[in-house]
Amino acid sequence: MDAFTFISLLEKAIKARQSLFDAHHESAFRLFNGFSEGNSNLVIDVYASTVLFYNYADNAEHGLSLVQEAQNFLLNYLSWLRAGIVKTRNAKTQEDKCGKLLFGEKPDRKIKEHGVWYAIDLMMNRDASFYLDTQNLRQWLIENMNGKSVLNAFAYTGSLGVAATAGGASRVLQLDLNRQFLNLAKDSYALNGFPIQKSDFIASDFFPAIGRFKRTGETFDCVLIDPPFFSTTSKGKVDLEIENARLINKVRPLIKDGGSLVAINNALYVSGREYVQTLETLCKDGYLKIKELIPVPEDMVGYNRITTPITDPSPFNHSTKIAVLSIKRKSL
């Protein structure tokens, strides 16, 4: 693909997203989804006034030349950009995978979404420390968690728990194996003036933590599970391609009668129909019911879709498949 063709794709992507640009440059969104909008070597996100390039090219050097073209164009087109970062997926060093500063003095450390502040650390990990595809879920939590108790399992940097807190949740437990990620969640609380109870931030492996909750009889109005695609520790294994039902069954006993389970599956090779079939099988006992499917924002899916996804996500609109399930408890 020549430079002119690529820049024309980028221009179309930007024009389709004009409504997402806020006057104060505090928001976050996907500016260009190359996987669906014409060039799978590059994905571009905006976090406040920082642009983040994901170089997915098999040939990392070729991808970096594409990044340079995009950077030159964007600095002219979006003059308010203050910093730029590139993450190179197929780089040889972890530093390049986590990100290098292309221009500017320092990247932004916070963004605002639905009126809520979220702390970010764009070079802490291979991703951006904040998942744009769960934006609509955060809105759902703000609107539905007032007075509810919430367990945010696989919390990562805690954005779903922050949204629940912003929505007036009575208590939110943030559970993740990595304390560094949970510390960023605390930064988000501080940005919004939310009280920080250290006991509500639990750095622990998922499996023993769930076991402790069961032994103590602790239950919640809502449990969120947004696990990594694949993970293994000495305590257990997560595999969203073949063991999603097992994770759901692990947390079902922790949910109060009439409560909600939000289950997310982001496995690219699991189709939407396969995931729904898994959920429907779990619902056959009559104590679990699919209540709602939450779509991914259009900027993540791509507005000018040229290519089709590897697997069909329908009835979801993206490989990040978000389902809200309602729970009925057996009578004693």
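Here is what the cut-offs are and how they apply
- Residues numbered from 1 in each chain as written.
- Predicted model: local features only at pLDDT ≥ 70, side-chain atom pairs only at ≥ 80, totals over all residues.
- Heavy atoms only, no water.
- Salt bridge = Lys/Arg side-chain N within 4 Å of Asp/Glu carboxyl O.
- Helix = DSSP H or I, 4+ residues; strand = E, 2+ residues; numbered from the N terminus.
- Buried < 20%, exposed > 50% of the residue type's maximum accessible area, 1.4 Å probe, protein only.
- Contact = heavy atoms within 4.5 Å.
- Polar contact = N/O pair within 3.5 Å; in protein donor to acceptor, adjacent residues only side chain to side chain.
- Pairing = 2+ DSSP bridges.
- Axes fitted to C-alpha atoms, helices over the stretch in contact; angles between N-to-C directions.
- Parallel < 35°, antiparallel > 145°, perpendicular 65-115°, else oblique.
- Nonpolar A, V, L, I, M, F, W, Y, C, P; charged D, E, K, R; others polar.

(A) Up close: the pattern of salt bridges. This structure, assessed with the given rule, holds 11 salt bridges. One network of salt bridges, with partners in common, ties together Arg171, Asp200 and Glu218.

(B) The arrangement of the environment of Asn55 in detail. Within the element layout of this structure, Asn55 appears in strand E3 (residues 50–55). What makes Asn55 buried here is its relative accessible area of 0%. In sequence terms Asn55 and Ile44 are 11 residues apart; their C-alpha atoms lie 8.9 Å from each other. Leave out the neighbours within four places in its chain, and Asn55 touches Asn41, Ala60, Gly63, Leu64, Val67, Val86, Lys87, Thr88 and Arg89. A distance of 3.1 Å separates the side chain of Asn55 from the backbone nitrogen of Ala57, its partner in a polar contact.

(C) Expanded view of the sheet that holds strand E2 (residues 42–47). Strand order across the open sheet formed by 5 strands is E1-E2-E3-E4-E5, with mixed pairing between neighbours. The strands lining the two open edges of the sheet, one partner per strand, are strand E1 (28–33) and strand E5 (100–103). The mean angle between the axes of side-by-side strands here comes to 25 degrees, regardless of whether they run parallel or antiparallel. Sheet analysis places strand E4 (residues 83–88) next to E5, joined by 3 bridges and oriented antiparallel. Bridging across to E5, Val86 finds its partner in Lys100. With respect to the sheet, helix H3 (residues 60–77) is in contact with E1, E2, E3, E4 and E5, its orientation differing from that of E3 by roughly 155 degrees.

(D) Seen up close, the packing of helix H8 (residues 206–216) against helix H9 (residues 244–251). Contact pair H8 / H9: the axes reach a minimum separation of 10 Å and the direction vectors enclose 30 degrees. Considering their axes alone, H8 and H9 lie roughly parallel with respect to each other. Listed contacts from H9 to Phe206, Phe207, Ile210 and Lys214 of H8 are Arg246, Leu247, Lys250 and Val251. Residue classes in the contact of H8 with H9 are distributed as 5 nonpolar, no polar and 3 charged.

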